[in-house]
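# Working through the structure, step by step
Here is how the chains run, residue by residue.
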Amino acid sequence: MTSVQFAIVDIKLRSMVVCYGPFFLLTKSLPINSSSYATNPTSLTHLSILLLFFINIILQSHILPSLTRMDPISVTDQNSKKKIKHEGAEMEKIKGSVVLMKKNLLDFSDLVASAADRFDEIRGNKVSLQLVSAVNGDPENGNRGKVGKPAYLEDWFTKFDPLTAADVAFNITFEWNEEEIGLPGAFIIKNSHHNEFYLRTLTLEDVPGHGRIHFICNSWVYPHQYYKKDRVFFTNQTYLPSKTPSPLRHYREEELKTLRGNGTGKLEEWDRVYDYDLYNDLSEPEKGPKLIRPILGGSTKYPYPRRGRTGRPPAEADPRYESRIPLLKSLNIYVPRDERFSHLKFSDVLAYGLKSLFQFLLPEVESIIDSAPNEFDKLEDILDLYEAGIKLPDWPFLESIRKNIPSQTLKEILRTDGERAFRFPVPLVIKEDKHAWRTDEEFAREMLAGLNPVVIHSLREFPPSSKLNPKSYNNEGNTKTKENIEKNLEGLTIDEALKENKLFILDYHNVLMPYLRGINKTSTKLYATRTLLFLKSDGTLRPLAIELSLPNPVEDDSGEVSEVYTPAEHGAEGTIWQLAKAYVAVSDSGYHQLICHWLNTHASIEPFIIATNRNLSVLHPIHKLLHPHFRDTMHVNALARQTLINAGGLLEKTLFPSKYAMEMTAVAYRDWTFPEQALPADLVKRGMAVEDSKSPHGVRLLVEDYPYAVDGLEIWSAIKTWVEDYCRIYYATDDKLLEDSELQTWWKELREKGHADKKDEPWWPKMQTRKELVETCTIIIWVASALHAALNFGQYPYGGYLPNRPAMSRRFIPKQGTPEYDELESDPEKAFLKTVTPQMLSILGISLVEILSRHTSDEVFLGKRDTAEWTADKEAVKAFGEFGENLAGIEDRIIRMNIDEKWRNRVGPAKMPYTLLIPTSGVGLTGRGIPNSVSI
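Residues numbered from 1 in each chain as written. Predicted model: local features only at pLDDT ≥ 70, side-chain atom pairs only at ≥ 80, totals over all residues. Heavy atoms only, no water.

### Structural notes on the overall build of the protein chain
For clarity, the threshold we go by: By definition, any uninterrupted DSSP run of H or I lasting at least four residues is a helix, any uninterrupted run of E lasting at least two residues is a strand, and each is numbered from the N terminus. For every residue, the accessible area (1.4 Å probe, protein chains only) is compared with the maximum for its type, and the residue is labelled buried under 20%, exposed over 50%, or partly exposed between those bounds. Contacts were defined at the residue level, with two residues in contact if any of their heavy atoms lie within 4.5 Å. Each accessible area value is a Shrake-Rupley result obtained with a 1.4 Å probe; residue values ignore everything except the protein chains displayed when judging cover.
What the protein chain contains, in helices and strands, is 32 helices and 19 strands. For the protein chain, the proportion of its 936 residues judged to be buried stands at 57%. The contacts of the protein chain with a sequence gap of at least 6 include a subset with a gap of at least 24, amounting to 74%. About 39200 Å² of surface is accessible on the protein chain, with carbon and sulfur atoms providing 52% of the total.

What follows is the structure in structure tokens.
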């Protein structure tokens, strides 16, 4: 912009101040930070929209017409000639297109960002890009790739922002010399605005001798003063470290060094550092001993995978712990910015989160929970949650919340005007039949085709032994139980059934017994459970007996107190059998959420994300392979540490272990082994399959109609085939793998730092052969995608109806002669509901699993990528296309099997097909779909 042009704009701006100044003064007190938005979202949104439209009027009415009437000197200079002279060299013109998303109105943090960036452009501050040569080094700069002249984004000022986050394409023209730059392999970008933007791609068209060159960026770029090193992006080409063009090696190594950081200091939102830390941020010692929990990781007592470091200062009351941030600032918890939710996902999660209101309700719920207000009296009361909603009790704190939350949406949820609120979608488990969940067949089927089908295992001996306390069994009790069980074995003896692999068990005895004394001192009353099942000739499972155990009331060494219950349909015995199944469901729900779901997917995968970003360049083939399977996980986990798994958090409120929840996951991690996370290895370990080279997937299932395993093995094999095809492109021999310095460093750090408490285990792959690499990457992708999908997205379809999967139990089975036993005989439903989760916690639990079970609108499913040009390697693109076709075939087969009456476990009495491992899905509560990564 010339001085004359700038003078004209300056006059325009000064006149605008006079004309529109009063309107700006009206917005002077407008809060513009994210925490203010959280407390007053509706009014702030309305005012900010008005402000944005007001700025738009100013720009379109006053500034843009002036600029469009001006002589575009700079544009003419850039585009008038195809070739120009620069310092004696003939320069070519390379046309390009940059796609980015500006920071705008609905970014929840700076409502004037868009306007500020526009005025930056008026003053001449721009976004510049410089091409970096992949073939010519600069001797004066350590033989780094030669850097071209800066080129600037064109027409930033004239492209108005949409109200919601959206991509905008900008033209850019580079001056380029074939002899000096040659093939561009990277570019340096400098953001001279006041605000960050999300850079998606740069595409160069018709580069002489090279054609189209594409850069995949997908990264937030902050103003340049926030960075110590230039932001560098590489083409979508793939290189092993030793094959990297020499001019790009320094940039590759320096980028990894930046991502590793220096291991010290508080990390800010613009930092791009991936580092490790212990789980020492779950406690709040400032609030007293009730909110202190063990530090997880770094000890033999509580081993744990590592989490991402935030660098927050230590807690003042106890420096062993990291200080926490206030709940309402939870969205600001540090993770590298590129690991945070996209705008679409953030919008969806916030919208779903409105229904939960956890951050407002929990302090009040804690004070009233023991008084058990407004219990469900009958099952119809629970059905009203889905069909009619329920009227919340007239608690004073609810009216206080209403007065302090202006959002109309929240007011609608918290209605106290006599209308009903909290209407939830009907869970699939009761959609077709409201009573089938109570049947023994459905109870057993869900161990094979339900929310947690990864625990059941074959019974190898009877009675099942206890490594905790052999004294808990007596011959008299075992003999009596054996006689009752053998009546239901279709003519077999127990020994015969064992030999024919027809007996199975769901065993939570050993994991729960050490905690029962502590747990049962709280409002929770729980048993250690064992459930024995028989595989019938029609392929379904029949529950034979449920053992409920408690610690000896005198001392642990005196054995245990155990009762065995067998199926009954009528009278008090029938009600007690239903209660016994409920105690099993409570055990299964807590174990599923804390160990199968959180520990074995969310927590165990995070070290792989950190190690990959620290050690494998974006140019590395294994980085390109794994990166889609890490999306959003660090952010989900960080938010979980802030609100779900922390001391006093939601999982402690809604699951039976209470304050012991995370401690139990650390004890379970002692038995975690990486190779056994592979589905075939897991099935063999649990005795649900045997190795069989003649079977399609290398194992033969002992329960042919095991939907999770049948579908899972198909998905597992498809993933493994894809990984094998991909790795073969880059590692023709094992020597290539051994020579890969980044890969070897990645694997070493993953073991020694990411899973440091397991570093000396002998079972870690040595990473010396391509076979080991394929198995490792297949496990990572399986855990992050299919395993997590099987354990997460059924939470609402199965568990949204609390009687089917209660998360807590509040009293033991009543003794004969007590008023509670009389009530059990006279009003079985009321007795059942008094035993399981109370009303308010039911509502909170349903709200939580509804949020966790939804697919957001930007979900990317297995076999898909968020960009088709994720790599320039045609062989890799072809192999990935075949992977997608393979998954489509699997999806068709699953759908066909679900309508084949031969497979009774696929639908069951609830008429609810098993769909959790169908690869694709739409948005929302679908009960199907495998996202690429551990997310929500």
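There is more to say after this.
### A few points about the sheet that holds strand β13 (residues 457-458)
Condition: Strand pairing is assigned whenever DSSP detects at least two bridges linking the two strands. A fitted line through C-alpha atoms represents every axis, and for helices the fit uses only the stretch in contact; the resulting angles, taken between N-to-C directions, go from 0 to 180 degrees.
Taken together, 5 strands build an open sheet; the order of strands is β13-β14-β15-β16-β17 and the sheet is antiparallel. Looking at strand neighbours, the two that pair on one side only are β13 and β17 (560-565), the edges of this open sheet. Here 5 bridges tie strand β14 (residues 503-507) to strand β15 (residues 528-535), and the two strands are oriented antiparallel to one another. Residue Ile505 lies in a different strand from β15, and its bridge partner there is Leu532. Along the sheet, helix α13 (residues 440-449) makes contact with β14, β15 and β16 (541-551), crossing β16 at roughly 80 degrees.

### Points about the confidence of the model for the protein chain
Applied cut-off: Predictor confidence is given residue by residue as pLDDT, running from a minimum of 0 to a maximum of 100.
Summary statistics for the protein chain give a mean pLDDT of 84 and a share of 79% for residues scoring 70 or more. This model gives residues 84-88 a pLDDT under 50, and the stretch forms 7 contacts once residues within four places in sequence are excluded.

### A few points about the nonpolar core
Put simply, the rule is: In this text, buried Ala, Val, Leu, Ile, Met, Phe, Trp, Tyr and Cys residues form a nonpolar core when linked through side-chain atoms within 4.5 Å.
By size, the foremost hydrophobic cluster in this structure holds 176 residues, and its most contacted members are Ile456, Ile622, Tyr706, Tyr708 and Trp782. If one sorts the elements of this core by residue count, helix α18 (residues 571-615) sits on top with 20 residues. Leave out the neighbours within four places in its chain, and Ile622 touches Leu616, Cys727, Tyr731, Leu743, Leu773 and Cys777. Trp156, Ile181, Leu204 and Phe215 belong to the second largest nonpolar core, which has 27 residues in total.

### Description of the pattern of salt bridges
Note the cut-off: One side-chain nitrogen of Lys or Arg within 4 Å of one carboxyl oxygen of Asp or Glu is enough to make a salt bridge.
Counted according to the given criterion, the structure contains 46 salt bridges. Ionic pairing is found between Asp277 and Arg307, a salt bridge with its closest N-O pair at 3.5 Å. Of this pair, Asp277 sits in strand β11 (residues 276-277) while Arg307 sits in strand β12 (residues 307-308), and the two are 30 residues apart along the sequence. By the burial criterion, Asp277 is buried, and Arg307 matches it. A salt bridge links Arg700 to Asp692; the shortest N-O distance between them is 3.7 Å. On the basis of relative accessibility, which here comes to 42%, the residue Arg700 falls in the partly exposed class.

### A word on helix α32 (residues 874-898)
Rules: Given the number of residues in a helix, its expected span is that number minus one, multiplied by 1.5 Å.
In this model, α32 (25 residues) spans 37 Å end to end at C-alpha, consistent with the 36 Å of a helix rising 1.5 Å per residue. Residues Ala876, Ala879, Phe880, Phe883, Leu887, Ile890, Glu891, Ile894 and Asn898 constitute the buried set of α32. Where the residues of α32 are buried, they touch α24 (707-730).

### Section: the pairing of β16
A regular strand carries its side chains on alternate faces of the sheet. Burial analysis of β16 places 10 of its 11 residues in the buried class, the great majority of the element. Pairing of β15 with β16 involves 8 bridges; the strand directions are antiparallel. Opposite Ala528, over in β16, you have Ser549 as the bridge partner. Judged from the 6 bridges that link them, β16 and β17 form a sheet pairing that is antiparallel. When the bridges of β17 are listed, Leu550 appears paired with Val561.

### Focus on unusual backbone geometry
Cis geometry marks the peptide bond from Phe462 to Pro463, where omega comes out at -5 degrees. Here Pro463 shows up in the loop between β13 and α14 (475-486). Positive phi is not limited to glycine here, since Asn143 has a value of about 60 degrees. By secondary structure assignment, the location of Asn143 is in the loop between β3 (127-138) and β4 (144-147). On the accessibility criterion, Asn143 (45% relative accessible area) is partly exposed.

### Observations regarding a negative patch on the surface
Our working rule: Any residue with relative accessible area above 30% and no salt bridge may belong to a patch, with like charges joined within 9 Å and the nonpolar Val, Leu, Ile, Met, Phe, Trp and Tyr side chains within 5 Å. Here Asp and Glu are counted as negative and Lys and Arg as positive; His is not counted, and neither are the chain ends. By convention, the point assigned to a charge is CZ for Arg, NZ for Lys, CD for Glu and CG for Asp.
The grouping of Glu573, Glu820, Asp822 and Glu825 at the surface amounts to a negative patch. Counting residues per element, the negative patch draws most heavily on helix α29 (residues 819-826), at 3 residues. Relative to the helices and strands, Asp822 resides in helix α29. Taking the relative accessible area as the measure of exposure, Asp822 reaches 44% and is therefore partly exposed.

### Structural notes on the side chain of Asp873
Topologically, Asp873 is positioned in the loop between α31 (839-852) and α32. Setting aside residues up to four positions removed in sequence, Asp873 forms contacts with Gln237, Thr238 and Tyr730.

### Considering the packing of α18 against α29
Describing two packed helices takes the angle between their axes plus the distance from one axis to the other. Filter applied, for reference: Oblique is the label for any angle not covered by the other classes, which are roughly parallel (under 35 degrees), roughly antiparallel (over 145) and roughly perpendicular (65 to 115).
Remark: α18 packs on α29, axes separated minimally by 8 Å, with the N-to-C direction vectors making an angle of 100 degrees. For the element pair α18 / α29, the angle class is roughly perpendicular. The residues of α29 that touch α18, namely those facing Ala572, Thr575, Ile576 and Leu579, are Tyr821, Leu824 and Glu825.

### Comments concerning the packing of aromatic side chains
For the record, the criterion: Stacked, edge-to-face and tilted labels apply to pairs of Phe, Tyr and Trp rings (six-membered ring for Trp) whose centres lie within 6.5 Å, assigned for plane angles under 30 degrees, over 60, and everything in between, in that order. The criterion for a charge sitting over a ring is simple: Lys NZ or Arg CZ within 6 Å of the ring centre, and within 35 degrees of the ring normal.
Counting across every chain of the model gives 36 aromatic pairs. Grouped by ring-pair contacts, the aromatic residues Tyr279, Tyr304, Trp598, Phe608, Tyr669, Trp672, Phe674, Trp746, Trp747, Trp763 and Trp764 constitute a single cluster. A cation over a ring is seen here: Arg337 above Trp220, with NZ or CZ 3.9 Å from the ring centre. The residue whose ring lies beneath Arg865 is Trp870, and the NZ or CZ to ring-centre distance is 3.9 Å.

### What about the side chain of Lys502?
Along the polypeptide, Lys502 turns up in the loop between α15 (494-499) and β14. For the buried Lys502, no salt bridge exists, and the shortest N-O distance to an oppositely charged side chain is 4.9 Å, to Glu500.

### Some words on the packing of α18 against helix α20 (residues 633-643)
What counts, and what does not: Crossings are classed by handedness, with left-handed meaning an anticlockwise turn of the near helix from the far one by less than a right angle and right-handed meaning a clockwise turn.
The geometry of α18 relative to α20 is characterised by a closest axis approach of 10 Å and an angle of 125 degrees between their N-to-C directions. As summarised for this structure, α18 and α20 are arranged oblique, according to the angle between their axes. With respect to the hand of their crossing, α18 and α20 are arranged in left-handed fashion. Only Thr633, Met634, Val636, Asn637, Ala640 and Arg641 of α20 make contact with α18, whose side of the interface consists of Trp598, His602, Ala603, Ile605, Glu606, Ile609 and Ile610.

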